[in-house]
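# Residue-level structural notes
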Amino acid sequence: ESGGQVSDTGVIQSNSGWTIQVQEMRKPAAGIIVHRGVVVQGNPKVGDAAQAILDIERRRDIMRNHTATHLLHAELRRVLGEHARQAGSLVAPDRLRFDFSHPEAVTPEQLEEIEAGVNRVILENRKLRIATKPLTQAINEGAMALFGEKYGDEVRVVSMGRNAAGVEKPVYSLELCGGTHVGRTGDIGLLKIISESALSSGIRRVEALTGANALRYFEQQDQTLQQVAGALKASPAEVLDRVKTLSDEKRKLEKEVSD
């Protein structure tokens, strides 16, 4: 668990027959990782040989959301301005949450442009490059460091350049990051922004879905639209016009009653 990304889960197993269900992992100090969990089988002993097995599908969902967070950050800065810098984040398997500095609400048109920009880069299927470099070199090359984050002398740099056809393109995003990421942006599938709100003065929050969770969101929205269309005895394409007609009729009847 680090930098907004939740920890992996899974099991630690031994050939001697014991199993620990891992619920979370933390880094209480540099170079130390603590696994916290519940013994669900057997009796673990100091010195037993064991292997850690992570929940790979959950990890893949986290990876999609983390890479999408980098894309979202880049698009926020492109559309809103360079002042839109990260102020916090949550990278979980089911969703991503991104806080950023901005003095006013993001308009629906701006959100639409930001979402379209992220999905354009996803469709370009850009290859991610991850390299370890000296901190000063990474900063001089333009890598974005987060305010308040502590970095060592050596840092991990995540960037996106070459597309699926192997054509070298200008670097789209360049950030210092210790999290897990997909191999190509196309692995994300798609991104859907589901909310934008105020967190505090000058800080806004965007929540979004990717991959299978975004697909389920669209399926639920389509199901709701189909149900509304059925209730109105109209096709989905006719729903808006039918609602406007009913609203006009309602106002007309209310006026007749009041007169």
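The following refers to the structure shown. In this convention, every chain numbers its residues from 1, walking through the sequence in written order. For a predicted model such as this one, the threshold for reporting local features is a pLDDT of at least 70, and the threshold for listing and counting side-chain atom pairs is 80 or more; totals across whole chains, interfaces and linings nevertheless cover every residue. As a rule here, side-chain values cover all heavy atoms of the structure and leave hydrogens and water aside.

### A short note on the pattern of salt bridges
Side-chain pairs of opposite charge can arise where the charged atoms are in close proximity. Put simply, a salt bridge is a Lys or Arg side-chain nitrogen that is within 4 Å of an Asp or Glu carboxyl oxygen. All chains considered together, the criterion is met by 18 salt bridges. E75 is paired through a salt bridge with R78; the nearest N and O atoms lie 2.8 Å apart. Taken together, the residues E75 and R78, both in helix 1 (residues 56–80) and three residues apart, mark about one turn of the helix. The salt bridge involving K250 is made with E254; its shortest N-O contact spans 2.5 Å. Numbered from the N terminus, helices here are DSSP runs of H or I no shorter than four residues, and strands are runs of E no shorter than two.

### What about the environment of P170?
Turning to its location among the elements, P170 is positioned in the loop between strand 8 (154–160) and strand 9 (174–176). Judged by relative accessible area, which is 65%, P170 ranks as exposed. Once the C-alpha coordinates of P170 and M160 are considered, the two residues, ten residues apart in sequence, prove to be 8.5 Å apart. Residues are treated as being in contact if the distance between any of their heavy atoms lies within 4.5 Å. What P170 contacts, discounting residues up to four positions off in sequence, is R126 and M160. Exposure is judged per residue with a 1.4 Å probe applied to protein chains only, and the accessible area is read against the type maximum: over 50% gives exposed, under 20% gives buried, and values in between give partly exposed.

### Considering unusual backbone geometry
We note that N125 has phi near 55°; this positive angle belongs to a residue other than glycine. Its identity as a non-glycine residue notwithstanding, K233 has a phi of 55°, on the positive side. Considering the arrangement of structural elements, one finds K233 in the loop between helix 4 (211–232) and helix 5 (239–258). Look at K233 and you get exposed, because its relative accessible area is 73%.

### Re the layout of surface pockets
The computed volume of the largest pocket comes to approximately 1,000 Å³. For the lining of the largest pocket, the secondary structure elements donating two or more residues are strand 2 (19–29), strand 3 (32–41), helix 1, strand 5 (86–91), strand 8 and strand 9. Among the elements that take part in the lining of the largest pocket, strand 2 stands out by supplying five residues, more than any other. Per-class residue counts for the lining of the largest pocket are 13 nonpolar, 15 polar and ten charged. Empty space within the second largest pocket amounts to approximately 180 Å³. Grid spacing is 1 Å over the protein atoms alone, the probe is 1.4 Å, and a cavity is where that probe fits but cannot get out, while a pocket is an open set with protein on both sides within 12 Å along at least five of seven lines and lining residues have an atom within 4 Å of a point. Taken together, H73, A74, E75, R77, R78, E82, G142, M144, Y172, S173, L174 and E175 make up the lining of the second largest pocket. Residue assignment for the lining of the second largest pocket shows that the elements contributing at least two residues are helix 1 and strand 9. Ten residues, namely Ala, Val, Leu, Ile, Met, Phe, Trp, Tyr, Cys and Pro, are considered nonpolar, four, namely Asp, Glu, Lys and Arg, are considered charged, and the remaining ones, Gly among them, are considered polar. A class-by-class count of the residues in the lining of the second largest pocket yields four nonpolar, three polar and five charged. Grid points are joined across faces, edges and corners, and a volume is the space filled by probe spheres set on the points.

### Let's talk about the packing of helix 4 against helix 5
It is at 10 Å that the axes of helix 4 and helix 5 come closest, and there the two elements cross at 50°. Viewed along their axes, helix 4 and helix 5 adopt a mutual orientation that is oblique. Of the two elements, helix 4 crosses helix 5, and the hand of that crossing is left-handed. Between helix 4, through L225, V228, A229 and L232, and helix 5, the contact on the second element is made entirely by V239, R242, V243 and L246. Looking at the contact of helix 4 with helix 5 residue by residue, the class counts come to seven nonpolar, no polar and one charged. A fitted line through C-alpha atoms represents every axis, and for helices the fit uses only the stretch in contact; the resulting angles, taken between N-to-C directions, go from 0 to 180 degrees. Relative orientations are named as follows: roughly parallel for angles under 35 degrees, roughly antiparallel for angles over 145 degrees, roughly perpendicular for angles from 65 to 115 degrees, and oblique for any other angle. By definition, turning the near helix anticlockwise from the far helix through less than a right angle yields a left-handed crossing, and turning it clockwise yields a right-handed one.

### Let's talk about the side chain of S89
Position of S89 relative to the elements: it lies in strand 5. Take S89: its relative accessible area is 18%, and that puts it in the buried class. Within polar-contact distance, the side chain of S89 engages the side chain of Q86 at 3.3 Å. Those residues in contact with S89, other than ones at most four positions away along the chain, are G3, G4, R97 and F98. Any pair of N or O atoms that falls within 3.5 Å is considered a polar contact. Within protein, one atom must be able to donate a hydrogen and the other to accept it, and sequence-neighbouring residues count only if both atoms are side-chain atoms.

### Side note on the sheet that holds strand 6 (residues 96–101)
Any two strands are treated as partners once DSSP identifies two or more bridges connecting them. Within the open sheet, the four strands sit side by side as 5-6-11-10. Their pairing is antiparallel. Two strands in the sheet have a free side with no partner beyond their single neighbour: strand 5 and strand 10 (191–200). Recorded for the sheet is a direction-independent mean angle of 15° between the axes of neighbouring strands. Each of strand 10 and strand 11 (203–210) touches helix 2 (residues 108–124); the most contacted strand, strand 10, lies at about 135° to it. Against the sheet, helix 4 makes contact with strand 10 and strand 11, and its axis sits at roughly 90° relative to strand 11, the strand it touches most.

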